[in-house]
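# Observations on chain architecture
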Amino acid sequence: MEKLMSRILAIANQKGGVGKTTTAVNLACALAQQGQRVLLVDLDPQGNATMGAGVEKRTAMPTAYQVLLGQADIHSSRLRSQRGGFDVVPANRELSGSEIDMVDIESREYRLKTELGRVAQEYDFVLVDCAPTLNLLTVNALAAAHAVLIPMQCEYYALEGLTDLVATIKKVKARLNPGIEIEGLLRVMYDPRSTLAQQVASELKSHFGDKVFDTVIPRNVRLAEAPSHGLPGVIYDPSSKGAQAYVALAREVLQRYGIAAGAMAE
Ligand code: ATP
Ligand code: MG
């Protein structure tokens, strides 16, 4: 099968705590298990994706901050998630200063795109974990991305929150990145026993159709425990329902791109 060029996916939702980082880390790991070369870029000063990949954020240097400011080469910023099987551009608190520190930089919305251009050919997938805001960092992710993956919880206000994000994506499409698409809405932390969750889940499907991933990520405590062990949930407890759902998601993503999924023997 024909080898596609690298796909850059921004994982975004300005709502906090909706499962962006859990999705970024576990999808990165599950794609790597399918033989894909994956780079995970942490664009959140919380550094949760960095830690979840098993990389120590406090001592990481250089980080995404230096890379975006042009003070470090993206090549040298990459660290390996040994157990996860993918590369990481780490982030920590320092990144919270980027909004102000990037003010004087030329084409500041394109800083990530420019830097990713230097390494993208080494990867099949680049996943960018965004912070829960629509700030300059998130705009950088959207300007660099081929597509956006939006994790959402199936709750009453879910659709309302989507409006701002979709408006931002439209602006980015008009001004910065005409090729950007919505890759898909991913239903996460799903509780099949909740009638409301069932209703919202099917409402999403009828509104957005094919844009909604068939795979649903259940609420699963093993996924929540994994980061404290510095492991993706997919590695921490491969038999858990949460891990299996992310493996299924990776297969669905590969299928969408027509890439043959081949599990790597390890
Ligand atoms: P932020 O907006 O702060 O960056 P986020 O959108 O990245 O948050 P996560 O950090 O992935 O969200 O998840 C929020 C919390 O929910 C975390 O404690 C995480 O472990 C937990 N969590 C995420 N997905 C699941 C799941 N499917 N089942 C159970 N817990 C989950
Ligand atoms: Mg996060």
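Here we summarise the structure given alongside this text. These numbers come from a predicted model, not from an experiment.

Definitions and limits used
Residues numbered from 1 in each chain as written. Chains lettered and ligands numbered in written order. Predicted model: local features only at pLDDT ≥ 70, side-chain atom pairs only at ≥ 80, totals over all residues. Heavy atoms only, no water. Near = heavy atom within 4 Å. Polar contact = N/O pair within 3.5 Å; in protein donor to acceptor, adjacent residues only side chain to side chain. Areas by Shrake-Rupley, 256 points an atom, 1.4 Å probe, with all protein chains shown as cover. Helix = DSSP H or I, 4+ residues; strand = E, 2+ residues; numbered from the N terminus. Nonpolar A, V, L, I, M, F, W, Y, C, P; charged D, E, K, R; others polar. Axes fitted to C-alpha atoms, helices over the stretch in contact; angles between N-to-C directions. Parallel < 35°, antiparallel > 145°, perpendicular 65-115°, else oblique. Left-handed = near helix turned anticlockwise from the far one by under 90°. Contact = heavy atoms within 4.5 Å. Buried < 20%, exposed > 50% of the residue type's maximum accessible area, 1.4 Å probe, protein only. Pairing = 2+ DSSP bridges.

Before going further, it helps to spend a moment on the site of ligand 1. In the region of ligand 1, 18 residues are neighbours, and Gly 19, Lys 20, Thr 21, Thr 22 and Asn 220 sit closest. The side chain of Asp 44 places a nitrogen or oxygen atom 3.4 Å from an oxygen atom of ligand 1. Bound to the protein, ligand 1 loses 81% of the 620 Å² it would expose on its own. Of all the secondary-structure elements, those providing two or more residues to the shell around ligand 1 are α1 (20–33), β8 (212–218) and α10 (221–225). Sorting elements by how many residues they give to the shell around ligand 1 places α1 first, with three residues. Its residues placed into classes, the shell around ligand 1 shows seven nonpolar, seven polar and four charged.

Before going further, it helps to examine the packing of helix α6 (residues 111–119) against helix α7 (residues 136–144). At a minimum axis distance of 7 Å, the contact between α6 and α7 shows a crossing angle of 50 degrees. In terms of orientation, α6 and α7 fall into the oblique class. Seen along the crossing, α6 lies across α7 with a hand that is right-handed. Taken together, the residues of α7 that come into contact with α6 (itself represented by Arg 111, Leu 112, Lys 113 and Leu 116) are Asn 140, Ala 141, Ala 143 and Ala 144.

In the segment running from Met 61 into Pro 62, the intervening peptide bond is cis, with an omega of -5 degrees. Examined against the element boundaries, Pro 62 turns out to sit in the loop between α2 (48–52) and α3 (64–68). Here Ser 107, not a glycine, exhibits a phi torsion of approximately 45 degrees, which is positive. Considering the arrangement of structural elements, one finds Ser 107 in the loop between α5 (98–101) and α6. For Met 189, which is not a glycine, the phi torsion comes out positive at approximately 50 degrees. If you trace the backbone, Met 189 turns up in strand β7 (residues 181–190).

We now examine the pairing of strand β6 (residues 147–153). Look at any regular strand and the pattern is simple: side chains alternate between the two faces of the sheet. Within β6, seven of the seven residues are buried, which leaves it mostly tucked inside the rest of the structure. Judged by which residues are buried, β6 turns out to be covered on both faces: Ala 147, Leu 149, Pro 151 and Gln 153 on one side and Val 148, Ile 150 and Met 152 on the other are all buried. With three bridges joining them, strand β1 (residues 7–11) and β6 adopt parallel strand pairing. Bridged to Ala 10 within β6 is Val 148.

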